[in-house]
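The residues making up each chain are set out below.
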Amino acid sequence: MTIPRVSAELRPPEPPPEASQLGAVVWLRQNLFGSVASGVVSVVLGVALFFMLRGAIGFLLSEDRLWEVIPRNATNYAIEGYPRADIARIWLSLDVILFLAGLSMAVWRPSGRMSLASLAAAVRSLGTVLVLVGILAPETFGSRFTVGLVGLVLIGLSFVGMRLSDTTALADRIPTLGLIAGLAALFLAILWVLPIESSTQIPYTIGVVVALIGHGIGRLAAARVAPGPLRAIVTAVWLVSLPIIYLHIQRNPVVDWDTVIGSWMPWIIGIVVGGLALITVVSRSERERAGVLNALAVVAAIAAWTISAPMLARALLALLAVLSLATPTFGSSALGRRNMLLTWLAGALFASYIFVVGDAGTGLQTRNEYYGGLNLTMMLAAGSLLLSFPLGVLLALGRTSTMPIFRLLSTGYIEVVRGVPLITVLFIARFGILNFLPVNLEFDPNVLVLGGITAFAAAYLAENVRGGLQSIPKGQYEAAKALGMTTAQMTMLITLPQALRAVIPAIVGQVIALFKDTSLVAIVGLAEFFRVARDIVPNQTNSLGSIIENLLFAAAVYWIFTYNFSRASQRLERRLGVGTR
Amino acid sequence: MATDTRISRPPERKPPLWRNVTVLKWAAQLVVLAGLIALVVILGLQAAGNLQAQGRSFGWGFLSRPAGIQIGEGIFTRPANGFQVIQTGAVNMLRITVSGILAASVLGVIVGVSRLSANWLLNRLATVYIEILRNIPLLVQIVFWFFVASLTFPNVSADQEGTQWLVISNKGVSIPWFFPTETFWQWSVFVIAGLIAARLVYRARIRRLEETGADTYPGRYAFLTFSGVVVAGWFLHPVAGAVGWVWQLLASIVSAVPTLAWQLALAAAAVYLAVRWIRRFLDSLRSPAGLAKLTDDDWFRIGLAGAVGVVAAAALVFIPTLTASVVDLVDFVLRFLDQKFDFLRTGSPLRFARPDVVVPGRFPQIGTSGMTMTPAFFGVWIGVTLYTAAFIAEVVRGGVLAVPKGQTEAGLALGLRRSQLLRMIILPQAFRIILPPIGNQYLNLAKNTSLGIAVAYPEIVAVGQTLANQTGQAMQTFLIWIVFYLIVSLVLSGIVNRYNRRLALVER
Amino acid sequence: MSVNGRKEIVVCDDVKKWFGEFQALRGISTTITEGEVVVIIGPSGSGKSTWIRCINRLEVHQEGRIVVDGIELTSDVKNIERIRSEVGMVFQSFNLFPHLTVLQNITLAQTWVRKRTKREAEEKAMGLLDRVGIPEQAGKYPGQLSGGQQQRVALARSLAMDPRIMLFDEPTSALDPEMIKEVLDAMKELARSGMTMLVVTHEMGFAREVADRVIFMDQGQIVEEGTPEHFFTNPQHDRTKLFLSQIL
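Residues numbered from 1 in each chain as written. Chains lettered and ligands numbered in written order. Predicted model: local features only at pLDDT ≥ 70, side-chain atom pairs only at ≥ 80, totals over all residues. Heavy atoms only, no water.

Chemist: Is there a simple way to explain the interface of chain A and chain B in this structure?
Modeler: Interfaces are often sized by the accessible area lost when the parts come together. Each partner contributes to the interface: chain A provides 54 residues, whereas chain B provides 52 residues. Between chain A and chain B, the buried area comes to about 4,700 Å², and carbon and sulfur atoms account for 74% of it. On the chain A side of the interface with chain B, the three residues burying the most area are A:I405, A:F436 and A:K516, jointly 13% of the side's total. Taken together, chain A and chain B are joined by zero salt bridges. Our count for the contact surface shared by chain A and chain B stands at 13 residue pairs in polar contact (both at pLDDT 80 or more). (Contact = heavy atoms within 4.5 Å. Buried area = accessible area lost by both parts, 1.4 Å probe. Salt bridge = Lys/Arg side-chain N within 4 Å of Asp/Glu carboxyl O. Polar contact = N/O pair within 3.5 Å; in protein donor to acceptor, adjacent residues only side chain to side chain.)

Here it is as structure tokens:
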């Protein structure tokens, strides 16, 4: 070889060699029979898997299974003890949620698009499963040939789809939303063509239409309003609609207007007007005068507990004290003052509404526990998440605070609650708390248990938020201080928002855990979804011996929810790029 | 401003009290603290009033009174008093916790490593396992396994009568087992001594290795030492009866000293702890240049620590029952230990027994000689094991993936084989990453055993609930639960933290 | 197989490698003889690291042949193991094992791959630590050392295996300027002792001082190769000129 050596010109790149295009044999060799050990594992697992699948499918499709119990009890699973005469209220709640879901879809515009190839792959997996079921099903299962045939047809369709995705550029990307809408339409068409249960066609149709309307309105709004405020508004509507659904729509409150107008209204009007005046004055005052006024507001809030004011008045005064304390920090500018006043007005009115509705008796002709089934499960999960949020954030701030007593109290609370199992907390909430309260106070068991889950979830949430707070670089604090921010401004405007964004995936993980944990309230006697499967349905005289079927059904329902939650959280994690920054 | 350009020293004036940040901070904290204490007092008074109105009172007497409860399985199936009820529940809980942690760790590591396997089938099966198991509430799984065991396992049949090696039935799964006998405690002294001796030998061999460089097989030597001591103890255990004297002596000392002396000693200890805290705090502020000027904040801390110490000491001195109960407990434990040791006891410390099937009347049953895993135990155990294993598998996978790729490359470049690489480079590093989250999973497992109540497995929550219903002493049961679980949590996290500190990478 | 009486130790013949659709190596052909010090330079993404990582099969080439010390690199596990124990490698990011002390880092592969006794391995390790100038750090953990010290330990770790060839993948790129010299000094000392070395680096001073040959790579191929004098005084190819004008 001679040097120096110079190559005349640069070679252009070549395509990769054909051998890297995987054939079936190559795939098998690489993935199943890479080495002797791997081959042995593959064979042993394959045989074991075959027998396990055959056993499982044989068990599920056996003639002895009482699967008909599940559709017969669909309503029990959904709402259990809720009076059937008022079932329209449940549908209305569902419609509200569907409407908001459609609206949110339009506002957040998930850019989800699916390629035809991946859709075809999904169809092919479904087809493969059906074919496998057809092959492995027991002799006694009459429709095994039909199932297998449907599977084969699906596989065939998927290959057609694959070819199309190779040749046509148009069919390459299908919007996920369109796909969902199409599936919903298909579902409706099946409902109307095959009269399975005539009473549910109409509400389902209304639900789909409502969701579509919501989506349409969302698109109109998105075209006119800036995305930031619009999203804030939609989020607020979601937060407000949940209490309305559970306290108003589903409870059908019977409000005693005489009491409300006669003895509450003067308090409400007085405090709201006084609050507007106070916030205005405080926001325009010197620092020291504002301090005096705020101290007076705090004293008034505490004093309200010593005189015989209605509970509503005490709550409003407490809210006012908090807002007035925040006013010198956040309400000193004209815009800030307007926002503070609006916050006070909206908060006070909503709190009054909640108290009026919550204090009213229910108009349902039923026993006390009118929530049940999946409805109750959802209420506990959503309710405890919403309520635990402020408490958890406060605890996290307390635990990271520089003030030793707050830190000690927060740490103590968090560690004790995290040290004991949820079931003990539920027992204490359901049967223990009442011992400490005056005997004439009565609480709905649902509320007590909701309180227990909230207290439990808050401790875990606090740890997540603390993780976020500690992940914020020290420079952020220093920058905020250097800009002359007070500690409160720094926390609310700089550190807390960053911390919360950083821990969104962890919080979603906690929502999943919370959803699974709601099954525990069955042990303290609430008729939620799992209790329906465990006790209520299997003990019906015509459903005896169906416990395993019911448990499997419950497991499947929980699985569908949590699996999709966790997939969504993984997507979110990727999109936020948490941990990569 | 423009007129006065002289540089003037600002007058040194303390801000007024209501503008002093420290004062404000501490005032806010103390107000909240006072409010909380007031709330607790009000609630406590209310609770006392409620109890009085119902003609009940708060006390611990139910622990020593007959409970009138039968327990399905455990060390006391017919407990003589409330304390034995709690004890049985606690031991049942610990049984599942310990065996579940072992099983879940093994299974979790296998599944986690399978998840990283290049074998597609193994990889996919592990993924399916994880995705199914961790997305279904544990309670559903426990109840499911319980019903699988009690509905689908066969009945005990009469032709199984007699001693068996393994009985699988809807009454439970029975296996042969070793049971401790009355000489077990004496032997356990040798087991502990064996552990200590093994540790000493291990260290000595390591030192030898470091000095000479020769292979000294410290692990093997330690194991042989331990086995030797334990086997010798099997025959020599009556010698350990002498330990009984030590307990006796200690017990007599404890009860001979008057309560007042203990009170004063404990009070002195409280004051000493407070003083030590303050001194350490001051030391931490001391720099080579001398003691830093104390801020108001520091003064508040010192004052608070002193106040806590003084209040605790005063409580110990003026409320003798506090001290008396501690002394009673210590005395009780010492006398209990004393009973377990006696020169005259002989016989093997462990008894091996196989399960048997008996037919007392028309219906065949499982006898009491073997170890029987009831359907409830089976349900809870399988449930928590499979569930926790799914989470451990994810932790293991994450830990292995978190080891930087450069480590693998460096190992390969040195010519290490895949198996050597995994054993000596990847796993030791992954283990450090894995350990803290695994510790959390162990804690979760321990807490999740409380779901046994759903299938009537008599662990501490279930028996506590029964006891509370029986005696009406719900408050005390709640307290027992909280204290028990906190102790378990503390012990478990203590063990994990210890290992964690030991394994921590040394950094600059 | 010898050129000018010296044995050919690495032979690459039209080596090609793809990452998915991207072609990283577009046919590398060259021969390296025993005792030669070859410095490889080129812009980032030109395939320098990929190429030398192919030589001990940390990356798998798809076409062409690589023969190291008479053994052809195929998927035969035995050949790979033999070659890896003959070829040492020093990485940009040191890749010391953080859970082992410096001494253990150096003795581990000696005992498990070279089957030396503990004493032999430790003597060897201490000798090498002496050679790279940090015998006093033997009991410390990598996390306690500076970057330059870590890289010298990594060098000692590789040398402990008595390799016939040493590969250096940008050994000084992750170091602070004041530490680069101590690593380069150790490498120069090694070069003078007659070791065959393939060095990917941006340190032109090093190339000028100790290289027998400089290879300039771009777009996955060897654009120009020659002696340092040829290279730094009279480069031929336009790409080479452009690169050198940017870097010098």
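Chemist: Could you clarify how one ought to interpret helix α6 (residues 218-236) of chain B in this entry?
Modeler: Note on helix geometry: an α-helix contains 3.6 residues per turn, so any two residues three or four positions apart are oriented the same way. Residues and elements named next belong to chain B. Here α6 contains 19 residues, and its C-alpha end-to-end distance of 26 Å stays within 8% of the 27 Å for a straight helix at 1.5 Å per residue. Every buried residue of α6 is listed here: P218, A222, V230 and G233. An end-on view of α6 places all buried positions within 95° of arc, on one side of the element. α6 presents R220, F223, L224, V231 and F235 as exposed residues on the side facing more than 90 degrees away from its buried surface. (Helix = DSSP H or I, 4+ residues; strand = E, 2+ residues; numbered from the N terminus. Expected span 1.5 Å × (residues − 1). Buried < 20%, exposed > 50% of the residue type's maximum accessible area, 1.4 Å probe, protein only. Arc of directions from axis to C-beta.)

Chemist: Explanation requested: the interface of chain C and chain B in the structure shown.
Modeler: The interface is formed by 27 residues belonging to chain C together with 26 residues belonging to chain B. When chain C packs against chain B, close to 2,400 Å² is buried across both sides, 61% of that on carbon and sulfur atoms. For the interface between chain C and chain B, the tally reads two salt bridges. Of the charged contacts, one joins C:R53 and B:E409 as a salt bridge, the two residues approaching to 2.4 Å between their closest N and O atoms. Where the side of chain C that touches chain B is concerned, the elements lending two or more residues are α2 (77-86), β7 (87-90), α3 (102-112), α4 (118-132) and α5 (147-159) of chain C.

Chemist: Teacher, can you tell me more about the sheet that holds strand β8 (residues 165-169) of chain C here?
Modeler: Adjacent strands of a sheet pair through backbone hydrogen bonds, lying either parallel or antiparallel. One open sheet accounts for seven strands, arranged β1(A)-β11(C)-β10(C)-β4(C)-β9(C)-β8(C)-β7(C); its pairing is mixed. Pairing within the sheet leaves two strands with one partner each, and these edge strands are β1 (5-6) of chain A together with β7 of chain C. Pairing geometry for β8(C) and strand β9 (residues 196-200) of chain C, over five bridges, is parallel. In the strand pairing of β9(C), C:M166 is matched with C:M197. Sitting on the sheet, α5(C) is in contact with β7 and β8 of chain C, with an inclination near 175° to β7(C). (Pairing = 2+ DSSP bridges. Axes fitted to C-alpha atoms, helices over the stretch in contact; angles between N-to-C directions.)

Chemist: When you look at the pattern of salt bridges in this model, what are you seeing that I'm missing?
Modeler: A side chain with one charge may pair with a side chain of the opposite charge, provided their charged atoms come close. Tallied over the full model, the rule gives 35 salt bridges over all chains. C:D14 serves as the salt-bridge partner of A:R11, at 3.7 Å between the closest nitrogen and oxygen. With A:R11 in the loop between β1 and α1 (24-31) and C:D14 in strand β2 (residues 6-19), this pair bridges two chains. Among the residues examined, A:R11 registers a relative accessible area of 35% and is labelled partly exposed. Taking the shortest distance from any N to any O, the salt bridge between B:R335 and B:D331 comes out at 3.3 Å. Here B:R335 pairs with B:D331, and both are found in helix α10 (residues 320-339), just four residues apart, close to one helical turn. Residue classification places B:D331 among the buried residues on the basis of a relative accessible area of 18%. One salt-bridge network, held together by shared partners, links B:R115, B:E131, B:R134, B:E394 and B:R397.

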